[in-house]
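Read off the chains here:
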Amino acid sequence: MVAANLDAEAEQFQRDGYLVVRGLASAPEHAALRALVDTMLDPLQGPVEFEADVGYPGAPKNRADTGGLTPRRLLHAYSRDPLLRAWARDPRVGARLRKFFGGRAPYVSQCHHNCIMTKHPGFSSLTSWHQDIRYWSFQRADLISTWLALGPERRANGALLVIPGSHRLEVDALRYDQALFLRTDLSENQALIAQAKMVELDAGDMLFFHCRLFHAAGRNETDQLKCSLVFSYHDEFNRPNPGTRSAVYPSVAVPVSGA
Ligand SMILES: O=C(O)CCC(=O)C(=O)O
């Protein structure tokens, strides 16, 4: 029964480049994670990427500007706490990743994403259209990220937008800007972006998405913090290229049974 569901999920993932598993974390599980994250936000525990650091549209320009020290990502989630490590290596996640990787064993990267994404009321910036692989360096552009919602994610608080199937596109280099975001002034990019879908999540829902999937997100216009736990995975035969930032910390094997 579980295997049949995983097959169907894998088929959908391969086709669309993303998949949402509803209620993967139970209410006590996501409540415990959210309570843990709250302790990391007050007092703020580093390392942290601040809104002023991202340089995204709407972000304060400097840390000294109003809102500049608004946390955007609590970095190094894996090494922060045993509960976060357990989630990165949860067998329910691992079993799916192995399916999506065609039977190859998944490893969690400590170099990429590996963070708690926060979007605070007041000073959150939007993220333009991009593929996560743009700054990563692996033998193959075939990684998968997981995004566990720790509260509701809707348009109003900056839910993710994705372009289904875009992980299979070959996009000419001229269609990106210097920071490797899709140029929105080009009609062919506008036609692609017009296919976007919003990924609405509730606490405990997990989004799996491919590193070549184009995605974007808006600001948090509500008065409530949004936060999500995000890890990235590669398979046992897809290693980070030596000497790159993708190889700085070792990846960790993920158990795949017990899903
Ligand atoms: O929440 C957001 O603004 C999107 C973040 C994102 O796409 C990323 O960090 O790759």
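Above this text you will find the structure in question.
Residues numbered from 1 in each chain as written. Predicted model: local features only at pLDDT ≥ 70, side-chain atom pairs only at ≥ 80, totals over all residues. Heavy atoms only, no water.

Enquirer: I tried to follow the overall build of the chain on my own but got confused; where do I start?
Expert: Secondary structure assignment for the chain yields 7 helices and 13 strands. On C-alpha atoms alone, the chain measures out to a radius of gyration of 18 Å, which is about the 18 Å that the 2.2 N^0.38 rule sets for 259 residues. Its C-alpha atoms put the chain at 50 × 45 × 35 Å along the principal axes. The buried share of the chain, taken over its 259 residues, is 51%. (Helix = DSSP H or I, 4+ residues; strand = E, 2+ residues; numbered from the N terminus. Rg over C-alpha atoms; globule rule 2.2 N^0.38 Å. Buried < 20%, exposed > 50% of the residue type's maximum accessible area, 1.4 Å probe, protein only.)

Enquirer: Mind showing me how you'd approach the packing of aromatic side chains here?
Expert: Where two aromatic rings form a pair, the distance of their centres and the angle of their planes describe that pair. Per the stated rule, a full pass over the model turns up 5 aromatic pairs. Taken together, a centroid distance of 5.9 Å and an interplanar angle of 85° make the contact between Y56 and F181 edge-to-face. A residue pair is termed long-range when its members are at least 10 positions apart, and Y56 in the loop between helix 3 (51–54) and strand 3 (71–74) and F181 in the loop between strand 8 (160–162) and helix 7 (187–193) qualify at 125 residues. By relative accessible area, Y56 is classed as buried at 10%. Take F181: its relative accessible area is 10%, and that puts it in the buried class. Judged by centre distance (5.4 Å) and plane angle (80°), the rings of F100 and F208 are edge-to-face. Placement of F100 in helix 6 (residues 91–100) and of F208 in strand 10 (residues 206–210) is noted, with a sequence separation of 108 residues between them. F100 gets classed as buried once you look at its relative accessible area, which sits at 5%. Relative accessible area serves as the criterion here: at 0%, F208 is assigned to the buried category. Among the aromatic side chains, those forming a connected cluster through ring pairs are F13, F100 and F208. We note R134 situated over the ring of F181; from NZ or CZ to the ring centre the distance is 4.4 Å. (Phe/Tyr/Trp six-rings, centres within 6.5 Å; stacked < 30°, edge-to-face > 60°. Lys NZ or Arg CZ within 6 Å of the ring centre and 35° of its normal.)

Enquirer: Even after reading the chapter, I still don't get the state of the cysteines, so can you show me in this structure?
Expert: Between two cysteines, a covalent bond joining their sulfur atoms is known as a disulfide. Across all of its chains, the model carries 0 disulfides by this definition. Summary of cysteine pairing: C115 is not part of a disulfide, and the nearest cysteine sulfur, belonging to C227, is at 11 Å. The buried category is assigned to C115, whose relative accessible area is 0%. (Disulfide = S-S within 2.5 Å.)

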